[in-house]
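Survey of secondary and tertiary structure
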Amino acid sequence: MKLVPLASGSSGNSYFVQSNGAAVLVDAGLNAKQICLRMEAAGIDPGILQAIVLSHAHSDHVKGAGVLSRKFKIPVWTNEGTWAACPTMLGAPHEVRFFRTGRIFECAGLKIHPFSVPHDCADPVGFRISYGARRLGIATDLGIATGLVVNSLRGLEVVVLESNHDPKMLMDGPYPWELKHRVKGRSGHLSNEDSAKLLSELVNDQMLAVVLAHLSETNNLPELAHAGAEQALGEFVARRGRLMCAAQHTVGPIIEW
């Protein structure tokens, strides 16, 4: 199985997932040209894409999906809440297929379980993705780690988890108060501390890698996010595990297992 974060942050998010012939994008929050360029930079032919799967309707997750769907004649998978909230951003995709939140579906040979997360938009989800015994989870854009989120991310080999902001940087930073309140609220984004606490509950003997994602360029620093997560993961990092931060403007880290 292969995971390539193409972009991660407030300006655009997209993750390439591949396994035994299956090749999909989870979110497409850059324009189509940029997504193709980043795939090529990672040595991936964009023409192998078979589907795009959307987590929620914010533009930094969907803006390139419609064009990519038409260009490569591939379906966009979404739930009805997300589709209803973003048709003007997508235009007319080549094909739209619907999944139901909480129900596993098959996409290009992958089994995908979309689970509900608390975020300020229509029916947002995270994803648990598997191919055979390989297991990956992607959860960004969530204000709190509910019991459902924790259970959905247990027993994974690779976890992509939001570590959006440092609370002090957020409160001392330039955002207007209304936006600060939104970010730190129960339907906003996980702080470094929230992310680290969740990781301490998820670490397991099968875990191979953790990718910290959706870091704010204004209200966070990779070294702050990494330090908190490293402490929470304990011996996982010291003995065998990989702990990395995904970035907004560069591809990677590339993980194969």
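Residues numbered from 1 in each chain as written. Predicted model: local features only at pLDDT ≥ 70, side-chain atom pairs only at ≥ 80, totals over all residues. Heavy atoms only, no water.

Taken in spatial order, the 7 strands line up as S6-S5-S4-S3-S2-S1-S14 in an open sheet, and their pairing is mixed. Edge strands, defined here as strands with exactly one partner in the open sheet, are strand S6 (95-98) and strand S14 (255-256). Where strand S4 (residues 51-53) and strand S5 (residues 75-78) come together, 2 bridges link them in parallel fashion. By the bridge assignment for S5, Ile52 is matched with Val76. Together, strand S1 (2-7), strand S2 (14-19) and strand S3 (22-26) form the strand contacts of helix H1 (residues 32-41), whose direction differs from that of S1 by roughly 135°. Contacting S3, S4, S5 and S6, helix H3 (residues 65-72) crosses the sheet at an angle of about 165° to S4. (Pairing = 2+ DSSP bridges. Helix = DSSP H or I, 4+ residues; strand = E, 2+ residues; numbered from the N terminus. Contact = heavy atoms within 4.5 Å. Axes fitted to C-alpha atoms, helices over the stretch in contact; angles between N-to-C directions.)

Moving on to unusual backbone geometry. A cis amide bond, omega 5°, links Gly252 with the succeeding residue Pro253. Backbone geometry places Ala108, a non-glycine residue, at a positive phi of 55°. By secondary structure assignment, the location of Ala108 is in the loop between strand S7 (105-107) and strand S8 (110-116). For Ala108, a relative accessible area of 29% gives the class partly exposed. Unlike most non-glycine residues, Asp123 shows phi in positive territory, near 50°. (Buried < 20%, exposed > 50% of the residue type's maximum accessible area, 1.4 Å probe, protein only.)

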